[in-house]
Amino acid sequence: MAQLHAQTLREKINFRTNLTVGMPLADSDVKPLSLLASAEYQLHPQFSAGLGSGVSKYDHLMLPVFATLHWQITKPHRFTPFLGCNIGHAFAPKKHVSGGFYLSPSVGVSYKLKERQSLSLSIGYELQEYSRLVTYESTTYLAQYVEDISNHALTASIGFTF
């Protein structure tokens, strides 16, 4: 008689947290800092997809909400290289600031601590778009316009998966 070994739902779900710092590219001078968390479902032993959210600091506080993909390039070992990507929208809780498109692909390596726990280091790219209302006011005039901002950064991230 054959015995079937099916994974339970809990064994297929991983939780991931990342702390990310960035170095601005081109005309941007804002150094991003992010704390993100996601829940991912394992679709294949080396591929998972999920949803996440967190807090990012640019000129203004942003709240990204994103879909995430994570692919382990090789079968899991003590050290496992991976590709990851977050894509979504970041909301701005500040008045006169509108959130926008969010994209963050990365490449890295994870280090297995225990059966379901690992640390990861990655480098990547981050694009965060948003707009803000700019106001100039004097005793004789008031001028307002909307400024569209597109921040680009190289990022380094440390993460924990459980």
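Our subject is the structure listed above.
Computed from a predicted structure; not experimentally measured.

A. Main features of empty space enclosed by the protein. Scanning all chains against the criterion turns up 1 cavity of 30 Å³ or more. Of the pockets and cavities examined, the largest cavity occupies roughly 280 Å³. Lining the largest cavity are 24 residues, with Asn18, Asn86, Ser106, Ser122 and Ser157 sitting closest to its centre. At the level of elements, strand S1 (13-24), strand S2 (33-44), strand S4 (61-72), strand S5 (79-91), strand S7 (100-114), strand S8 (117-137) and strand S9 (142-161) are the ones that each hand at least two residues to the lining of the largest cavity. Tallied by class, residues from the lining of the largest cavity come to 7 nonpolar, 14 polar and 3 charged.

B. Geometry of the packing of aromatic side chains. The final tally for this structure, using the stated rule, is 5 aromatic pairs. Ring geometry for Phe160 and Phe162: centres 5.6 Å apart, planes at 25°, overall stacked. You can call Phe160 partly exposed: its relative accessible area is 28%. Exposure remark for Phe162: the relative accessible area of 34% places this residue in the partly exposed category. Feature note: the residues Phe15, Phe160 and Phe162 constitute an aromatic cluster, connected by ring pairs.

C. Structural context of a nonpolar patch on the surface. Nonpolar side chains collect at one region of the surface, where Leu19, Val21, Leu33, Leu35, Phe79, Val109, Leu121 and Ile158 lie side by side and expose about 730 Å² of accessible area between them. Considering the arrangement of structural elements, one finds Val109 in strand S7. Val109 gets classed as partly exposed once you look at its relative accessible area, which sits at 33%.

D. Main features of unusual backbone geometry. The phi dihedral of His96 is positive, around 70°, even though this residue is not glycine. Take His96: it is sitting in the loop between S5 and strand S6 (97-98).

E. Fine view of the layout of surface pockets. In this structure, the largest pocket occupies an estimated 610 Å³ of space. Taken together, 25 residues line the largest pocket, and the ones lying closest to its centre are Asn14, Gln42, Gln72, Pro76 and Glu115. For the lining of the largest pocket, the elements supplying multiple residues, two or more each, are S1, S2, strand S3 (47-57), S4, S7 and S8. The dominant element in the lining of the largest pocket, judged by the number of residues it contributes, is S7, at 4 residues. In terms of residue class, the lining of the largest pocket is made up of 4 nonpolar, 14 polar and 7 charged.

F. Highlighting the pattern of salt bridges. Enumeration according to the criterion identifies 4 salt bridges in this entry. The partner of Lys112 in a salt bridge is Glu115, with the nearest N and O atoms 3.9 Å apart. Residue Lys112 is classed as partly exposed on the basis of its relative accessible area of 29%. Since its relative accessible area comes to 68%, Glu115 is described here as exposed. Arg132 serves as the salt-bridge partner of Glu147, at 2.8 Å between the closest nitrogen and oxygen. Placement of the pair is Glu147 in strand S9 and Arg132 in strand S8, with a sequence separation of 15 residues. The partly exposed category is assigned to Glu147, whose relative accessible area is 26%. Sharing partners across several salt bridges, the network here consists of Asp59, Arg132 and Glu147.

Conventions adopted
- Residues numbered from 1 in each chain as written.
- Predicted model: local features only at pLDDT ≥ 70, side-chain atom pairs only at ≥ 80, totals over all residues.
- Heavy atoms only, no water.
- 1 Å grid on protein atoms, 1.4 Å probe; cavity = no way out; pocket = protein on both sides within 12 Å on 5 of 7 lines; lining within 4 Å.
- Points joined across faces, edges and corners; volume = space filled by probe spheres on them.
- Helix = DSSP H or I, 4+ residues; strand = E, 2+ residues; numbered from the N terminus.
- Nonpolar A, V, L, I, M, F, W, Y, C, P; charged D, E, K, R; others polar.
- Phe/Tyr/Trp six-rings, centres within 6.5 Å; stacked < 30°, edge-to-face > 60°.
- Buried < 20%, exposed > 50% of the residue type's maximum accessible area, 1.4 Å probe, protein only.
- Patch = residues over 30% accessible without salt bridge, like charges linked within 9 Å, V, L, I, M, F, W, Y side chains within 5 Å.
- Areas by Shrake-Rupley, 256 points an atom, 1.4 Å probe, with all protein chains shown as cover.
- Salt bridge = Lys/Arg side-chain N within 4 Å of Asp/Glu carboxyl O.

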